[in-house]
Every structure is written in C-alpha cells, then in structure tokens.
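Residue-level structural notes
Chain residues, written in single-letter form:
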Amino acid sequence: MAEIIKLDSIDAYNKAYGIETRHPLVTIADLSKSAAAPLQGEVTYRYGVYALFLKQTHCGDITYGRMPYDYQEGTVTSFAPGQVITVHHEPGYKPKALGLLFHPDLIKGTDLGRTINQYRFFSYNSREALHLSEDEKAIYQDCLDKISQELDHPIDSHTKKLICRNIELLLDYCMRFYERQFVTRHDADQGILGKFESLLNDYFEEGNARREGLPSVKHFAEQCFLSPNYFGDLIKKETGRSPQEYIQSKIIDLAKEDLLGTDKTISEISYDLGFAYSQHFNRYFKRNVGKSPSEFRKTAI
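Residues numbered from 1 in each chain as written. Predicted model: local features only at pLDDT ≥ 70, side-chain atom pairs only at ≥ 80, totals over all residues. Heavy atoms only, no water.

A short note on the nonpolar core
Ranked by size, the top nonpolar core spans 64 residues in total, and within it Phe102, Phe121, Ile167, Leu171 and Phe231 carry the most contacts. A per-element tally of this core places helix α5 (residues 159-184) first, with 9 residues. The next biggest cluster of nonpolar side chains, apart from the first, holds 19 residues, and it includes Leu7, Val49, Ile85 and Val87. (Core = buried A, V, L, I, M, F, W, Y, C linked by side-chain atoms within 4.5 Å. Buried < 20%, exposed > 50% of the residue type's maximum accessible area, 1.4 Å probe, protein only. Helix = DSSP H or I, 4+ residues; strand = E, 2+ residues; numbered from the N terminus.)

Re the layout of surface pockets
Here the largest pocket defines a volume of roughly 210 Å³. In terms of lining residues, the largest pocket is bounded by Gly18, Ile19, Ile28, Ala29, Asp30, Lys33, Ser34, Leu98, Gln141, Leu144, Asp145 and Ser148. Secondary-structure elements contributing two or more residues to the lining of the largest pocket are β2 (26-30) and α4 (134-152). Take the lining of the largest pocket: its biggest share by element is 4 residues, from α4. In the lining of the largest pocket, the residues fall into 5 nonpolar, 4 polar and 3 charged. (1 Å grid on protein atoms, 1.4 Å probe; cavity = no way out; pocket = protein on both sides within 12 Å on 5 of 7 lines; lining within 4 Å. Points joined across faces, edges and corners; volume = space filled by probe spheres on them. Nonpolar A, V, L, I, M, F, W, Y, C, P; charged D, E, K, R; others polar.)

Considerations on unusual backbone geometry
Positive phi is not limited to glycine here, since Phe225 has a value of about 60°. Within the secondary structure, Phe225 is located in the loop between α8 (217-223) and α9 (228-239). Relative accessible area serves as the criterion here: at 67%, Phe225 is assigned to the exposed category.

With respect to helix α1 (residues 10-17)
The complete set of buried residues in α1 reads Ile10, Tyr13, Asn14 and Tyr17. Looking straight down α1, one finds that the buried residues subtend no more than 95° of arc, so they occupy a single side. Each element contacted by the buried residues of α1 is listed here: β1 (3-7), β2, β3 (42-47), β4 (50-55) and β9 (97-102). (Arc of directions from axis to C-beta. Contact = heavy atoms within 4.5 Å.)

Next up, the structure:
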C-alpha cells in the first residue's frame, strides 16, 4: 500500500523534506539540498497548498487524478489544494527540483486570491507540465530568488503584499509559458485537430451517439490523451472555436442532412444524434437555427 503524506500546511511539507520554515504560509524548496532521506517506492501526496516545481531530474512516474502526468526533466509541474498525486519513485533516485509552495490563506483578500482560478495549469483536469526553455528556467529561478529574499527579511506590514506580488509575477510568467506551448507544438497540435475531427465523425457514423448519448469534450480529450482544459485551449487556439462549438456545429449539420435527405421522424433523428428526448432536440435545433426541426423541414421543401 502506498505511503500517504498529507501536505496540509507549509510546516508539514518542510518537516517532510527537512527544510527550514521561514514563513508559516510560503516556502521555497530546493530538494537537492533536502536534509531528509529520499522517499522510495509508491507515495501518495494529498495537497492542501499550491505548489509549483521545476523538475530537474526524472523521479519516476506521476499519477495525477488517476491519470498519468506528462512531465520530464526541465518542466514545471503544478498542483492545487484538494488534489491528490501518486509518485512511483525510481529506485535510488536523488531529488532535484526547485519548488514554490504557498497556503491558500496567504492570498486571501489579495488581488491574487481573486484571480488564482485564471491560472489554468493548476486545474485538476490539467495533466500537462510546462516545458521551459533555458531562458524561461532562468526567469523561474529569478522569481524564486526574489521570494526567497523576502522570506529572509523580518516579517513586517509589507511582507504579505510583496510576497504575493512576486508569486503573481511567477504565475503570470507560467501562463505565458503555458500559452507559448500552443505555438511551439503547432505541428503536433494540427495532428490533434485532425484526430478530433476524425473521432467526431466516427462517433456518429459508428452509432456511439445512439448508445452513449451526446458527445462530450471530455470524451475526445481523453481519446487524444489530453486534459479537457488543455484540449479546449488547443482547439480554440488553432481554429477560433471551442470543441463544444465544433460538436454543436456537427450535430446541426447532421440534423439538417437527415431532415432534408431522409424520411426519418424527428424522434428518430433526435435519438440517432444522442438526444434522450425529442423535446430537447427541438429546443437545441431552434436555438441554433432559429427554426424548429419541423419548420426547417417544411420551409426547405
């Protein structure tokens, strides 16, 4: 059975890794200097804090929300309160990572506390690490150095504001790194777009809609081995349309084809497209076309 480590506080994390606690709500962790013996085997971490780690070595396989986490050397992994990860440590590995961890109480009442949800790489559905260039690693290190300098300063009335501003600066840079991946992975992403279109066609042609209902973005993201958030951002970046808009357009096109090119009843068409009730299909079609299915069929004759 995997060892379980609950990281409910900064002090709990620091004690687990032999790191000095300089502030009760935030810490900088250089795991290559950790005084604690490296954890071995399978370990499950339950996070009660936000965490970013620049991984400088491969420690083993990471399972994130029961799904594999895509990371390698030189990438930033990110976790948020309430999330659970399991690490299958490689035998004899030596930890080498630079981390920032902060408790949610640190940012309560601040601008960062109000905007923390905009940093999509913290999402539980996101399983892609941020892949950094050498220059970007230097920026990451510089931001940690600024926070570390503030932690060395005696706590005063400015401490929280300055630490939060520097954390926000780091997170803004990480958002830039996250969005930059859509550009540098353009060729691969084009392949994902083609795969999405093919999977969407197959979903209806193979009768999955009749068996499983309306297709979801999550379904296609999993088929492409991506998180729904990343998959959605990728498709939007490439096409200007969200995956949901793509799916909606496909459903309407197929509905129009059946309404004009077959003698199927509206109930049969709605069932073939994955709607449990024809009334739902009627509302869906009218909302997108401006006419009910029966009105569309009559006016097109």
